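The primary structure of each chain is shown beneath.
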There are 2 protein chains.
Amino acid sequence: MRAATRPVVATPADAETGDAARSGSVAFGPLADSLGFHLRLAQIAAFEEFFAAFAEDGLQPGGFSVLITIRENPGVRQGILANALRIKRSHMAKIVQGFGEAGLIERRVPPDDRRAVELTLTEAGHRLVAAKMPKFLQHERASAAALTKDERHTLFALLRKLNGL
Amino acid sequence: MRAATRPVVATPADAETGDAARSGSVAFGPLADSLGFHLRLAQIAAFEEFFAAFAEDGLQPGGFSVLITIRENPGVRQGILANALRIKRSHMAKIVQGFGEAGLIERRVPPDDRRAVELTLTEAGHRLVAAKMPKFLQHERASAAALTKDERHTLFALLRKLNGL
DNA sequence: CATGGATTGTTTTCGAGTGGACAAAATTGC
DNA sequence: GCAATTTTGTCCACTCGAAAACAATCCATG
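Rules behind the numbers
- Residues numbered from 1 in each chain as written.
- Chains lettered and ligands numbered in written order.
- Predicted model: local features only at pLDDT ≥ 70, side-chain atom pairs only at ≥ 80, totals over all residues.
- Heavy atoms only, no water.
- Near = heavy atom within 4 Å.
- Polar contact = N/O pair within 3.5 Å; in protein donor to acceptor, adjacent residues only side chain to side chain.
- Helix = DSSP H or I, 4+ residues; strand = E, 2+ residues; numbered from the N terminus.
- Contact = heavy atoms within 4.5 Å.
- Buried area = accessible area lost by both parts, 1.4 Å probe.
- Salt bridge = Lys/Arg side-chain N within 4 Å of Asp/Glu carboxyl O.
- Nonpolar A, V, L, I, M, F, W, Y, C, P; charged D, E, K, R; others polar.
- Pairing = 2+ DSSP bridges.
- Axes fitted to C-alpha atoms, helices over the stretch in contact; angles between N-to-C directions.
- Least-squares fit on C-alpha atoms with pLDDT ≥ 70 in both.
- Expected span 1.5 Å × (residues − 1).
- Buried < 20%, exposed > 50% of the residue type's maximum accessible area, 1.4 Å probe, protein only.
- Arc of directions from axis to C-beta.

## Notes on the protein's contact with DNA strand C
For DNA strand C, the set of nearby residues contains 21 residues, the closest of which are A:His91, B:Gln78, B:Gly79, B:Arg107 and B:Arg115. Among all atoms of DNA strand C positioned within 4 Å of the protein, those belonging to sugar or phosphate total 63%. Contact between DNA strand C and B:Gly79: a phosphate oxygen at 2.8 Å from a main-chain N or O atom of the residue. B:Val117 has a polar backbone atom sitting 3.2 Å from a phosphate oxygen of DNA strand C. Ranked by residues supplied to the surface near DNA strand C, first place goes to helix 4 (residues 89–101) of chain B with four residues.

See the structure below:
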């Protein structure tokens, strides 16, 4: 904007400075064809939308996904849950400890394998998930609003295939 | 071990514990239709592939994307680069500082705006990017190997549209 | 100019997530 | 039965990245 017309006070040594110095547009080069890069951008946007919707509830994407999955799989073992959600076991231990102290989940040691921990939602946990689920579903419908319904469907199918699900 | 966790001895009343307790399969429920969840899974996989390919080179996805983009946009200002790559300015300051100390990039303060910093690759930076680029391009072709060429093309188009690029 | 506000990058502080060592329990092989 | 190995969760140290306060500089308006 302001840059295009302004003379650059470059010393001779600065002559090679490119156009991008002042313009707001950046060439992505090989990055424009990078799957990881595009996935990262998309995920950042998705998380920002999630936080915008759930900031007031103190919920994070990871934590909410843990609660949802425990509800869908009562008694699931902590390590299996971690594998399914691609959360490291050491991190899952922290998350589960926090939810346990918050009274949202119950940790039960099965008698036939006393190393393991089985997770279930407490009554409070069920209430929280039930209360937030409508907003979550609404948020999911609104995400990817830049795409048509068909495009969204195609994107999901491709991501599922990519993730082996 | 779990001194804090009182082992709850199972009684017949616990019989409602779900199938997931021991099975390795987990039902995802509403998560199966969550864009953010699928994006997260895909990105984790993509990053793991990147690290598997570049671990020996001590390169990280974010850092490499910064170097690539500086090469494509010599003299780009640090804040504009941060915006383009969706890296926070405070984080970009760290990254740029590290690369500067490593002798890979040069930070130049333009005389007409002495707040700004313009970034260019040093000779060593150019050599590093040039040396790693073939492996990067190879890695990009190999990623998303679970998809056909057409599917990959479609996925890219959808992600670009989703990201507004 | 001069002063108040906006922009740009840095620093500090904090939480999320990882990796590795560890302890307890289970399983396997002898 | 018993030792060695494996599995499961936890703890500790660390890195990556974000939020916010900060300093320096530029700009706009009088």
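## Remarks on the interface of chain B and chain A
With 76 residues of chain B in contact, the opposing surface of chain A contributes 79 residues. If you sort the residues of chain B by the area they bury against chain A, B:Leu35, B:Arg86 and B:Leu158 come out on top, with a joint share of 8%. Between chain B and chain A we count six salt bridges in total. One salt bridge in this structure joins B:Glu151 and A:Lys161, with 2.9 Å as the shortest N-O distance. For the pair chain B and chain A, the interface holds 22 residue pairs in polar contact (both at pLDDT 80 or more). Those elements that provide at least two residues to the side of chain B that touches chain A are helix 1 (35–54), helix 2 (61–72), strand 1 (76–77), helix 3 (78–85), helix 5 (123–142) and helix 6 (149–162) of chain B. Per-element tally for the side of chain B that touches chain A: the top contributor is helix 1 of chain B, with 13 residues. Across the side of chain B that touches chain A, the residue classes tally to 41 nonpolar, 18 polar and 17 charged.

## Some remarks on the sheet that holds strand 1 of chain B
Residues and elements named next belong to chain B. Overall, antiparallel pairing links the three strands, which are arranged 1-3-2 in an open sheet. With partners counted over all chains shown, the strands left at the sheet margins are strand 1 and strand 2 (105–108), one partner each. Across four bridges, strand 2 lies against strand 3 (residues 118–121) in antiparallel orientation. Its bridge partner being in strand 3, Arg108 is matched across the sheet by Glu118. Contacting strand 2 and strand 3, helix 4 runs over the sheet at an angle of about 115 degrees to strand 2.

## So, the relation of the copies chain B and chain A
At an RMSD of 0.1 Å, chain B and chain A line up after a rotation of 180 degrees and a shift of 0.0 Å along the axis. Those values place the two copies in the arrangement expected of a two-fold rotation axis. Taken together, the interface assignments show that 92% of the residues at the interface of chain B recur at the interface of chain A, consistent with an identical surface on both copies.

## Side note on the sheet that holds strand 3 (residues 118–121) of chain A
Read across the sheet, three strands follow the order 1-3-2 (chain A) without closing on themselves; strand pairing throughout is antiparallel. Each edge of the sheet is formed by a strand with only one pairing partner; in this case those strands are strand 1 (76–77) and strand 2 (105–108) of chain A.

## Section: helix 4 (residues 89–101) of chain A
Residue and element names in this part refer to chain A. The end-to-end C-alpha distance of helix 4 is 18 Å, a good match for the 18 Å that 13 residues give at a rise of 1.5 Å each. Along helix 4, the residues classified as buried are Met92, Ile95, Val96 and Phe99. Relative to the axis of helix 4, the buried residues are bounded by an arc of 95 degrees and lie together on one face. Helix 4 presents Ser90, Lys94 and Glu101 as exposed residues on the side facing more than 90 degrees away from its buried surface. On its buried face, helix 4 sits against helix 2 (61–72), helix 3 (78–85), strand 2 and strand 3.

## Quick word on unusual backbone geometry
Here the phi dihedral of A:Arg86 falls at roughly 60 degrees; this positive angle occurs in a residue that is not glycine. By secondary structure assignment, the location of A:Arg86 is in the loop between helix 3 and helix 4. Residue class for A:Arg86 comes out partly exposed when judged on its relative accessible area of 33%. The phi dihedral of B:Ala144 is positive, around 60 degrees, even though this residue is not glycine. If you trace the backbone, B:Ala144 turns up in the loop between helix 5 and helix 6. Residue class for B:Ala144 comes out buried when judged on its relative accessible area of 4%.

## Focus on the side chain of B:Gln78
Within the fold, B:Gln78 resides in helix 3. The contacts of B:Gln78, once residues within four sequence positions are left out, are B:Met92, B:Ala93, B:Val96, B:Val117 and B:Leu119.

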